[in-house]
Amino acid sequence: MTTKVSSSPFLKPFFLKTPVRVVSPLRQRRHTLPASEFRNLTPQDAISVFEIEKEAFVSVSGECPLTLDEVLNFLGLCPELSLGWFEEGQLVAFIIGSGWNKERLSQEAMTRHVPDTPTVHIHLLSVHRHCRQQGKGSILLWRYLQYLRCLPGLRRALLICEDFLLPFYLKAGFKQKGPSEISVANLRFQEMEYLLCGQAYARRNSAPASPVTVSCVKVNRAL
Ligand SMILES: CC(=O)SCCNC(=O)CCNC(=O)[C@H](O)C(C)(C)COP(=O)(O)OP(=O)(O)OC[C@H]1O[C@@H](n2cnc3c(N)ncnc32)[C@H](O)[C@@H]1OP(=O)(O)O
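Residues numbered from 1 in each chain as written. Predicted model: local features only at pLDDT ≥ 70, side-chain atom pairs only at ≥ 80, totals over all residues. Heavy atoms only, no water.

### Here we look at the pattern of salt bridges
Step number 1: This model, assessed by the stated rule, comprises twelve salt bridges.
Step number 2: For Glu108, the salt bridge is made with Lys102, and the minimal N-O distance between the two is 3.8 Å.
Step number 3: Several salt bridges converge on common partners, so that one network encompasses Glu103, Arg156, Lys177 and Glu193. (Salt bridge = Lys/Arg side-chain N within 4 Å of Asp/Glu carboxyl O.)

Below, the structure is given as C-alpha coordinates:
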(Lines give C-alpha, C1' and ligand atoms only; values in the text may rest on other atoms or scores of the structure.)
Protein backbone atom coordinates (compact mmCIF):
# COMPACT_ATOMS: atom_id res chain seq x y z
CA MET A 1 0.00 0.00 0.00
CA THR A 2 1.39 3.42 -0.90
CA THR A 3 1.42 5.73 2.06
CA LYS A 4 2.13 9.40 1.99
CA VAL A 5 1.61 11.41 5.09
CA SER A 6 1.68 15.18 5.00
CA SER A 7 4.33 16.80 7.24
CA SER A 8 1.74 18.62 9.37
CA PRO A 9 -0.51 16.48 11.57
CA PHE A 10 -3.29 19.04 11.23
CA LEU A 11 -6.06 18.78 8.75
CA LYS A 12 -6.00 21.47 6.10
CA PRO A 13 -9.45 23.03 5.79
CA PHE A 14 -11.45 21.25 3.14
CA PHE A 15 -14.22 22.97 1.23
CA LEU A 16 -16.98 21.11 -0.52
CA LYS A 17 -17.08 21.99 -4.22
CA THR A 18 -19.99 24.20 -5.08
CA PRO A 19 -21.34 24.52 -8.61
CA VAL A 20 -19.85 27.37 -10.59
CA ARG A 21 -22.44 30.10 -11.11
CA VAL A 22 -22.42 33.68 -12.14
CA VAL A 23 -23.10 36.03 -9.24
CA SER A 24 -23.10 39.79 -9.02
CA PRO A 25 -20.02 41.36 -7.35
CA LEU A 26 -22.28 42.70 -4.58
CA ARG A 27 -23.60 39.23 -3.80
CA GLN A 28 -20.07 37.83 -3.96
CA ARG A 29 -18.86 40.33 -1.35
CA ARG A 30 -21.61 39.39 1.08
CA HIS A 31 -20.86 35.64 0.93
CA THR A 32 -17.26 35.39 1.98
CA LEU A 33 -17.60 32.34 4.26
CA PRO A 34 -17.23 28.92 2.68
CA ALA A 35 -20.49 27.00 2.25
CA SER A 36 -19.03 23.92 3.88
CA GLU A 37 -15.68 23.36 5.56
CA PHE A 38 -14.08 20.53 7.54
CA ARG A 39 -11.19 21.39 9.84
CA ASN A 40 -9.58 20.59 13.16
CA LEU A 41 -11.11 22.49 16.06
CA THR A 42 -9.24 24.99 18.21
CA PRO A 43 -9.88 26.24 21.76
CA GLN A 44 -11.68 29.21 20.11
CA ASP A 45 -14.36 26.76 18.96
CA ALA A 46 -15.00 25.45 22.49
CA ILE A 47 -18.07 27.60 23.17
CA SER A 48 -19.80 26.51 19.94
CA VAL A 49 -18.91 22.89 20.71
CA PHE A 50 -20.32 23.19 24.22
CA GLU A 51 -23.56 24.81 23.03
CA ILE A 52 -24.26 21.87 20.71
CA GLU A 53 -23.21 19.38 23.37
CA LYS A 54 -25.41 20.96 26.07
CA GLU A 55 -28.47 20.90 23.86
CA ALA A 56 -27.81 17.27 22.87
CA PHE A 57 -27.20 15.81 26.30
CA VAL A 58 -28.50 17.96 29.16
CA SER A 59 -32.16 17.64 28.19
CA VAL A 60 -31.75 13.88 27.73
CA SER A 61 -29.48 12.71 30.55
CA GLY A 62 -29.02 15.87 32.61
CA GLU A 63 -25.24 15.73 32.12
CA CYS A 64 -22.69 16.64 29.46
CA PRO A 65 -20.06 14.01 28.63
CA LEU A 66 -17.44 16.80 28.59
CA THR A 67 -17.48 19.97 30.66
CA LEU A 68 -16.49 23.22 28.98
CA ASP A 69 -13.12 23.01 30.76
CA GLU A 70 -12.58 19.50 29.44
CA VAL A 71 -13.48 20.60 25.91
CA LEU A 72 -10.97 23.45 26.21
CA ASN A 73 -8.39 21.07 27.62
CA PHE A 74 -8.68 18.50 24.79
CA LEU A 75 -8.80 21.16 22.07
CA GLY A 76 -5.64 22.66 23.57
CA LEU A 77 -3.80 19.35 24.04
CA CYS A 78 -4.77 17.41 20.92
CA PRO A 79 -6.61 19.58 18.37
CA GLU A 80 -5.38 17.21 15.64
CA LEU A 81 -7.72 14.54 17.05
CA SER A 82 -10.80 16.74 16.58
CA LEU A 83 -12.83 17.54 13.50
CA GLY A 84 -15.48 20.18 12.96
CA TRP A 85 -17.96 20.64 10.13
CA PHE A 86 -18.76 24.29 9.50
CA GLU A 87 -21.45 25.67 7.24
CA GLU A 88 -21.07 29.35 6.37
CA GLY A 89 -18.79 29.68 9.39
CA GLN A 90 -21.21 28.02 11.85
CA LEU A 91 -20.28 24.77 13.56
CA VAL A 92 -22.89 22.14 12.66
CA ALA A 93 -21.21 18.94 13.83
CA PHE A 94 -18.02 17.91 15.57
CA ILE A 95 -15.91 15.08 16.92
CA ILE A 96 -13.50 15.37 19.86
CA GLY A 97 -10.88 12.69 20.44
CA SER A 98 -7.82 12.16 22.60
CA GLY A 99 -5.03 9.58 22.91
CA TRP A 100 -5.40 6.50 25.10
CA ASN A 101 -2.92 3.76 26.01
CA LYS A 102 -4.85 0.73 27.29
CA GLU A 103 -6.76 -2.08 25.58
CA ARG A 104 -10.14 -0.97 26.99
CA LEU A 105 -11.47 2.43 28.02
CA SER A 106 -11.69 3.12 31.74
CA GLN A 107 -13.13 5.99 33.76
CA GLU A 108 -9.69 7.63 33.65
CA ALA A 109 -9.93 7.82 29.85
CA MET A 110 -12.83 10.24 30.14
CA THR A 111 -10.58 13.11 31.23
CA ARG A 112 -7.12 12.13 29.99
CA HIS A 113 -5.08 12.60 26.83
CA VAL A 114 -2.14 10.22 26.46
CA PRO A 115 0.11 11.50 23.66
CA ASP A 116 1.87 9.32 21.07
CA THR A 117 -0.25 6.20 21.46
CA PRO A 118 -1.85 4.06 18.74
CA THR A 119 -5.36 4.43 20.16
CA VAL A 120 -7.76 7.33 19.76
CA HIS A 121 -10.58 7.66 22.23
CA ILE A 122 -13.55 9.33 20.51
CA HIS A 123 -15.15 11.20 23.37
CA LEU A 124 -17.91 12.90 21.52
CA LEU A 125 -19.68 13.05 18.19
CA SER A 126 -22.53 15.50 18.05
CA VAL A 127 -24.62 17.13 15.35
CA HIS A 128 -26.52 20.39 15.81
CA ARG A 129 -30.18 19.56 16.48
CA HIS A 130 -31.31 21.40 13.33
CA CYS A 131 -29.06 19.20 11.20
CA ARG A 132 -29.73 15.70 12.56
CA GLN A 133 -31.07 12.79 10.53
CA GLN A 134 -29.62 14.29 7.34
CA GLY A 135 -26.60 12.01 7.13
CA LYS A 136 -24.20 14.55 8.63
CA GLY A 137 -23.21 12.41 11.64
CA SER A 138 -22.31 9.48 9.37
CA ILE A 139 -20.45 11.66 6.88
CA LEU A 140 -18.40 13.43 9.55
CA LEU A 141 -17.53 10.14 11.23
CA TRP A 142 -16.48 8.67 7.89
CA ARG A 143 -14.25 11.67 7.13
CA TYR A 144 -12.76 11.57 10.61
CA LEU A 145 -11.87 7.87 10.37
CA GLN A 146 -10.30 8.38 6.93
CA TYR A 147 -8.33 11.31 8.32
CA LEU A 148 -7.12 9.26 11.33
CA ARG A 149 -5.87 6.58 8.95
CA CYS A 150 -3.40 9.12 7.61
CA LEU A 151 -2.02 10.21 10.96
CA PRO A 152 1.19 8.28 11.61
CA GLY A 153 1.18 5.63 14.32
CA LEU A 154 -2.57 5.36 14.87
CA ARG A 155 -4.09 1.87 14.77
CA ARG A 156 -7.57 2.04 16.22
CA ALA A 157 -10.37 4.20 17.58
CA LEU A 158 -12.46 3.36 20.65
CA LEU A 159 -15.68 4.86 21.94
CA ILE A 160 -18.54 4.12 24.26
CA CYS A 161 -22.19 4.54 23.37
CA GLU A 162 -25.63 3.62 24.60
CA ASP A 163 -27.38 0.58 23.14
CA PHE A 164 -29.69 2.60 20.89
CA LEU A 165 -26.68 3.91 18.94
CA LEU A 166 -25.19 0.46 18.28
CA PRO A 167 -26.70 0.24 14.75
CA PHE A 168 -25.29 3.69 13.91
CA TYR A 169 -21.72 2.72 14.87
CA LEU A 170 -21.92 -0.84 13.51
CA LYS A 171 -22.95 0.63 10.17
CA ALA A 172 -19.93 2.94 10.36
CA GLY A 173 -17.64 -0.09 10.60
CA PHE A 174 -17.15 -0.33 14.38
CA LYS A 175 -17.15 -3.69 16.18
CA GLN A 176 -18.67 -4.31 19.58
CA LYS A 177 -16.16 -5.06 22.35
CA GLY A 178 -18.78 -5.65 25.01
CA PRO A 179 -20.17 -3.72 27.97
CA SER A 180 -17.97 -0.87 29.14
CA GLU A 181 -16.83 -0.54 32.74
CA ILE A 182 -17.64 3.18 32.46
CA SER A 183 -20.94 4.40 33.82
CA VAL A 184 -22.37 7.89 34.10
CA ALA A 185 -25.27 8.35 36.53
CA ASN A 186 -27.47 5.30 35.79
CA LEU A 187 -26.39 5.02 32.16
CA ARG A 188 -24.62 1.91 30.88
CA PHE A 189 -22.54 1.81 27.69
CA GLN A 190 -21.18 -0.53 25.07
CA GLU A 191 -17.56 -0.19 24.02
CA MET A 192 -16.91 -0.04 20.27
CA GLU A 193 -13.67 -0.41 18.30
CA TYR A 194 -12.68 0.62 14.79
CA LEU A 195 -9.43 -0.70 13.32
CA LEU A 196 -7.71 1.98 11.28
CA CYS A 197 -5.27 -0.34 9.56
CA GLY A 198 -6.17 -2.15 6.39
CA GLN A 199 -9.87 -1.95 5.86
CA ALA A 200 -12.25 0.97 5.75
CA TYR A 201 -15.96 0.98 5.24
CA ALA A 202 -16.84 2.33 1.85
CA ARG A 203 -19.52 4.96 2.11
CA ARG A 204 -22.63 5.78 4.02
CA ASN A 205 -25.75 4.07 2.65
CA SER A 206 -23.79 1.18 1.18
CA ALA A 207 -25.32 -1.31 3.59
CA PRO A 208 -24.04 -3.80 4.39
CA ALA A 209 -20.82 -1.80 4.70
CA SER A 210 -18.50 -3.16 2.04
CA PRO A 211 -14.87 -2.92 3.06
CA VAL A 212 -12.45 -1.27 0.69
CA THR A 213 -8.78 -0.66 1.02
CA VAL A 214 -7.89 2.99 0.66
CA SER A 215 -4.46 4.49 0.43
CA CYS A 216 -3.53 7.62 2.33
CA VAL A 217 -2.60 9.26 -0.96
CA LYS A 218 -6.22 8.92 -2.06
CA VAL A 219 -7.51 10.09 1.29
CA ASN A 220 -5.30 13.17 1.33
CA ARG A 221 -6.68 14.11 -2.05
CA ALA A 222 -10.24 13.56 -0.83
CA LEU A 223 -9.68 15.78 2.20
C1 LIG B 1 -19.18 8.58 21.20
C2 LIG B 1 -20.43 9.40 21.25
O3 LIG B 1 -20.37 10.59 21.13
S4 LIG B 1 -21.94 8.61 21.46
C5 LIG B 1 -23.14 9.95 21.47
C6 LIG B 1 -23.54 10.38 20.11
N7 LIG B 1 -24.11 11.72 20.12
C8 LIG B 1 -25.35 12.01 20.55
O9 LIG B 1 -26.12 11.16 20.99
C10 LIG B 1 -25.72 13.48 20.52
C11 LIG B 1 -27.10 13.73 19.92
N12 LIG B 1 -27.24 13.07 18.62
C13 LIG B 1 -26.56 13.48 17.54
O14 LIG B 1 -25.77 14.40 17.58
C15 LIG B 1 -26.82 12.75 16.23
O16 LIG B 1 -28.15 12.33 16.20
C17 LIG B 1 -25.90 11.52 16.00
C18 LIG B 1 -24.44 11.94 16.04
C19 LIG B 1 -26.15 10.42 17.03
C20 LIG B 1 -26.23 10.92 14.61
O21 LIG B 1 -26.01 11.92 13.64
P22 LIG B 1 -27.10 12.19 12.52
O23 LIG B 1 -26.53 13.15 11.55
O24 LIG B 1 -28.38 12.59 13.19
O25 LIG B 1 -27.28 10.74 11.93
P26 LIG B 1 -27.37 10.33 10.39
O27 LIG B 1 -28.38 11.16 9.70
O28 LIG B 1 -26.01 10.25 9.83
O29 LIG B 1 -28.00 8.88 10.60
C30 LIG B 1 -27.37 7.69 10.24
C31 LIG B 1 -28.19 6.53 10.72
O32 LIG B 1 -28.19 6.44 12.15
C33 LIG B 1 -29.52 6.45 12.64
N34 LIG B 1 -29.58 7.29 13.83
C35 LIG B 1 -29.14 8.55 13.93
N36 LIG B 1 -29.38 9.03 15.17
C37 LIG B 1 -30.00 8.03 15.84
C38 LIG B 1 -30.53 7.91 17.15
N39 LIG B 1 -30.46 8.93 18.03
N40 LIG B 1 -31.09 6.75 17.51
C41 LIG B 1 -31.18 5.71 16.64
N42 LIG B 1 -30.70 5.77 15.37
C43 LIG B 1 -30.13 6.91 14.98
C44 LIG B 1 -30.35 7.09 11.54
O45 LIG B 1 -31.69 6.67 11.63
C46 LIG B 1 -29.66 6.64 10.28
O47 LIG B 1 -30.06 5.35 9.93
P48 LIG B 1 -30.28 4.98 8.38
O49 LIG B 1 -28.95 5.26 7.68
O50 LIG B 1 -30.64 3.55 8.43
O51 LIG B 1 -31.36 5.89 7.92
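### Observations regarding the site of the ligand
Step number 1: Leu125, Val127, Gly135, Gly137 and Ser138 are the nearest of the 22 residues found near the ligand.
Step number 2: A distance of 2.8 Å is found between a nitrogen atom of the ligand and a backbone nitrogen or oxygen belonging to Leu125.
Step number 3: In this structure, an oxygen atom belonging to the ligand sits 2.7 Å away from a main-chain N or O atom of Gly137.
Step number 4: Relative to its unbound accessible area of 940 Å², the ligand is 75% covered by the protein chains.
Step number 5: Mapped by element, the contributors of at least two residues to the shell around the ligand are α2 (46-61), β5 (119-127), α4 (136-149) and α5 (166-171).
Step number 6: Counting residues per element, the shell around the ligand draws most heavily on β5, at six residues.
Step number 7: Grouping the constituent residues of the shell around the ligand by class yields eleven nonpolar, seven polar and four charged. (Near = heavy atom within 4 Å. Polar contact = N/O pair within 3.5 Å; in protein donor to acceptor, adjacent residues only side chain to side chain. Areas by Shrake-Rupley, 256 points an atom, 1.4 Å probe, with all protein chains shown as cover. Helix = DSSP H or I, 4+ residues; strand = E, 2+ residues; numbered from the N terminus. Nonpolar A, V, L, I, M, F, W, Y, C, P; charged D, E, K, R; others polar.)

### Here we look at the environment of Cys131
Step number 1: When you line up the elements, Cys131 lands in the loop between β5 and α4.
Step number 2: Residues Cys131 and Ala93, spaced 38 residues apart in sequence, show a C-alpha to C-alpha distance of 8.3 Å.
Step number 3: Beyond its immediate stretch of four places on either side in the chain, Cys131 contacts Val92 and Lys136. (Contact = heavy atoms within 4.5 Å.)

### Brief notes about unusual backbone geometry
Step number 1: Positioned with a positive phi, Glu88 is a non-glycine residue whose angle comes to about 50°.
Step number 2: Mapped onto the elements of the fold, Glu88 is located in the loop between β3 (82-87) and β4 (90-100).
Step number 3: The backbone phi angle of Asp116 is positive, close to 55°, even though this residue is not glycine.
Step number 4: Note on placement: Asp116 falls in the loop between β4 and β5.

### Some thoughts on α2
Step number 1: Over its 16 residues, α2 extends 21 Å from the first C-alpha to the last, a length consistent with the 22 Å expected when each residue adds 1.5 Å.
Step number 2: In the structure, α2 departs most strongly from a straight axis at Lys54, where the bend amounts to approximately 35°.
Step number 3: Of the surrounding secondary structure, the elements contacted by the buried residues of α2 are α3 (68-77), β4 and β5.
Step number 4: Taken from the residues just after α2, Gly62 is the one with a positive phi, measuring 80°. (Expected span 1.5 Å × (residues − 1). Bend = angle between axes of the 7 residues up to and from the residue.)

### Focus on the nonpolar core
Step number 1: Ile96, Ile122, Tyr144, Leu148 and Phe174 are the most contacted members of the largest nonpolar core, which has 45 residues in total.
Step number 2: Every residue in contact with Tyr144, bar those within four places of it in the chain, is listed here: Leu81, Ser82, Leu83, Ile95, Gly97, Val120 and Ile122.
Step number 3: With nine residues, the next largest nonpolar core counts Ala109, Met110, Val114 and Ile160 among its residues. (Core = buried A, V, L, I, M, F, W, Y, C linked by side-chain atoms within 4.5 Å. Buried < 20%, exposed > 50% of the residue type's maximum accessible area, 1.4 Å probe, protein only.)

### Some details on the pairing of β5
Step number 1: With nine of nine residues buried, β5 lies mostly within the body of the structure.
Step number 2: Relative to β5, β4 is paired through eight bridges, and the arrangement is antiparallel. Its bridge partner being in β5, Gly99 is matched across the sheet by Val120.
Step number 3: With three bridges joining them, β5 and strand β6 (residues 156-161) adopt parallel strand pairing. Across the sheet, Thr119 pairs through a bridge with Arg156, a residue of β6.
Step number 4: In this fold, β5 hands off to α4, which returns the chain to β6; that crossover is right-handed. (Pairing = 2+ DSSP bridges. Right-handed = clockwise from strand over helix to strand, strands pointing away.)

So yeah, pure geometry; function would need other evidence.
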